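Each chain is listed here by its residues.
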Amino acid sequence: HSVGAGLCAAGMIAIVPGYISRSVAGSYDNEGIAIFCMLFTYYLWIKSVKTGNIYWSALCAVAYFYMVSSWGGYVFLINMIPLHVLVLMICGRFSHRVYVAYCTVYTLGTLLSMQISFVGFQPVQTSEHMLALGVFGLCQIYAFVEYLRANMTPEYFNILFKSLVIIISSIIAVGLGVLTLSGKVAPWTGRFYSLLDPSYAKNNIPIIASVSEHQPTSWSSFYFDLQILTFLFPAGLYYCFSKLTDHNIFIILYGVFAVYFAGVMVRLMLVLAPVMCILSGIAVSSSLSTYMKYLDGSGSQTKAASKQGKGRQDTNSTQQREGTAYLFVVLMTFFLVTYTTHCIWVTSEAYSSPSIVLSARSHDGGRIIFDDFREAYWWLRENTPEDAKVMSWWDYGYQITAMANRTVIVDNNTWNNTHISRVGQAMASTEDKAYEIMRELDVDYVLVIFGGLTGYSSDDINKFLWMVRIGGSTPEGEHIKEKDYYTPSGEFRVDGEGSSTLLNCLMYKMCYYRFGQVYTETGKPPGYDRVRNVVIGNKDFELDVLEEAYTSEHWIVRIYKVKDLPNRGTR
Amino acid sequence: MDVLLRPVFSVLAPPDLKLKRPGWVTTPSPYTIFFFVLVSYFLVTGGIIYDVIVEPPSVGSTTDENGHTRPVAFMPYRVNGQYIMEGLASSFMFTLGGAGFIILDQTHNPTTPKLNRIMLQFVGFGALIISFGCCWIFMRMKLPGYLHG
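Residues numbered from 1 in each chain as written. Chains lettered and ligands numbered in written order. Predicted model: local features only at pLDDT ≥ 70, side-chain atom pairs only at ≥ 80, totals over all residues. Heavy atoms only, no water.

Caption draft 1: Expanded view of the interface of chain B and chain A. Taken together, the 56 residues of chain B in the interface contact 51 residues of chain A. A buried area of about 4700 Å², summed over both sides, lies between chain B and chain A, and 74% of it is on carbon and sulfur atoms. Scanning the region where chain B abuts chain A turns up zero salt bridges. Put simply, the parts of the chain that give the side of chain B that touches chain A at least two residues each are α2 (30–45), α3 (48–54), α4 (84–106) and α5 (114–142) of chain B. The element contributing the most residues to the side of chain B that touches chain A is α5 of chain B, with 14 residues. Among the residues forming the side of chain B that touches chain A, the class breakdown is 31 nonpolar, 18 polar and seven charged. (Contact = heavy atoms within 4.5 Å. Buried area = accessible area lost by both parts, 1.4 Å probe. Salt bridge = Lys/Arg side-chain N within 4 Å of Asp/Glu carboxyl O. Helix = DSSP H or I, 4+ residues; strand = E, 2+ residues; numbered from the N terminus. Nonpolar A, V, L, I, M, F, W, Y, C, P; charged D, E, K, R; others polar.)

As structure tokens, then:
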């Protein structure tokens, strides 16, 4: 758009919290590189559309390959570029430059992306890539049609055109239908389908629905991550719409789709942040440059006016314009300054704390550090055999593997839904049933996170309903029904009113073993759970198949050893 | 190809259809599309997808010391949760801010009469300041520790 806009956008991207949340040390995921790759690919794509050179298109394909190798979100890219070409066709802006650019990018890009073993043959088999293939075909047809139109008489051309369109579109439709029905072209995978139909994951795949980053976004997440960019975004769109060019259309498309997808999943706010910054940069620089003209020009204008002795009206109006220009510039500066303070505050408060070491303020203002995670993982590392297998919920898998150096049953990759569901069934069943599952999975130690003593609210009891839902979502877990774990009135309670299934399941027993004798708060009876704010229901029980191996200092991490089969037949 | 199809068409008589595109289907102007984009922006940033999935109440309620239920406008302490009304109010503020910029941009045309210009500028600046202030206040209501660490 202009150099000023680019500089402004760059400044904003550098501090926008939406992007920082993923690239901070301690909370880093491969999206940190992926966003750079994505922006680089888009930049090269726009460049190749502008120039129509094969050189830039080839570079774009290489950047796309870089993107594919870093993040699964490349599907967004491979759908955004064909969509752009399609919109250009509809607007009548299709030219040979776009044709050259898209053909090169698609062919080279797809071939390169198939080199990655994870992607393999997906570009020709899955529905997510079909749009790109379709637009590729459409490009060829359109270009061919234009070529014919230039070389034939109009009437003859019209007949040929209409018949060709009908024949070809019916062939394509029938072909796609046959391929999808026969299973050669796989339908949309769960993760991406839930973007189009948000209620799909909630009803069918609890694992996808349970990840807290996959929840839909609320307004405060938008504002928290982006602040004034939310105001400048429509303004930037407006400036793009007033001067429609090929590349402006691309930015508009990217912006609109990014807003929708960020609204579906909080995690995709990351994809929205760069385009918000770009559009806001356009808005800021366009409006500021328009107003600055008044400030620059009015100086010389007043001199010229007074020299030629024009009426007072002119000087008044220019003074007024100066006034409004000053006001606008001051306002804009104020907005930008508050933007920086907001970003700094957000980053320091929300995105900088490590997630392994917790801290809290005691009632006299001093800080207490809870280092339980590292303490317990280190105990695991030092005091268990090297080939011990640890069962816990999948959130802690990577941590256990890295810090305790032991094999886990399921970890954050959440690759195998059935396996995780089995673990969920073990956590949600009674001790005897769970023992069978644990023998089947060959588990030596079980680890749970419990926050009732400290008031740490992201513990396993709060996550327990998800374990029940995921456990009940596969055929072996059909006897696990979520409503068994609620009270008759439909509440989830752990005190005396809680359902007996809940009070006797393995997770409950592991979390609250010996908790009934502990005093947690002054003035409350023993066994008071500080997260749920109730006294627990089932206090004095013994464990049959587990024995307590380790409990960390503040009872946050509790480790149990699975007992061997008894020597004799009866227990 | 002709030879193959001729016997078919000696039996069948194709209907004499006169199909043409209806006159009212045209490519819309950019500003129409912009209007729809703005409406969708309003809906999405208001958290409509969150509302559809999680189905929060329209406003929350607490009981105060006398036992009366009082409505609560903003879900406190949670950045990722909202009530329906608060979401729509905030996205209205976002759109208002954007509209402020757009209005200010329209005032640069030198042919508009002076009174209109002044009014438009007034409205534009007012929209900007109100929307920014309101969003700041909303955020303070949601997160009591906002900007105070």
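More follows now that the structure is in view.
Caption draft 2: Structural context of the pattern of salt bridges. Residues and elements named next belong to chain A. Counting across every chain of the model gives nine salt bridges over all chains. A salt bridge links arginine 374 to aspartate 371, with the shortest nitrogen-to-oxygen separation between them at 2.8 Å. What makes arginine 374 partly exposed here is its relative accessible area of 42%. Here aspartate 442 makes a salt bridge to lysine 389, at a shortest N to O gap of 3.7 Å. Placement of the pair is aspartate 442 in the loop between α21 (431–441) and β5 (445–449) and lysine 389 in strand β3 (residues 389–391), with a sequence separation of 53 residues. You can call aspartate 442 partly exposed: its relative accessible area is 43%. A single network of salt bridges, built from pairs that share partners, joins Arg514, Glu548 and Arg558. (Buried < 20%, exposed > 50% of the residue type's maximum accessible area, 1.4 Å probe, protein only.)

Caption draft 3: Quick peek at the side chain of serine 113 of chain A. Locating serine 113 of chain A in the fold gives a position in helix α6 (residues 96–113). Non-local contacts of serine 113 of chain A, meaning those with residues more than four positions away in its chain, are made with Tyr64, Phe65, Val68, Val119 and Pro123 of chain A.

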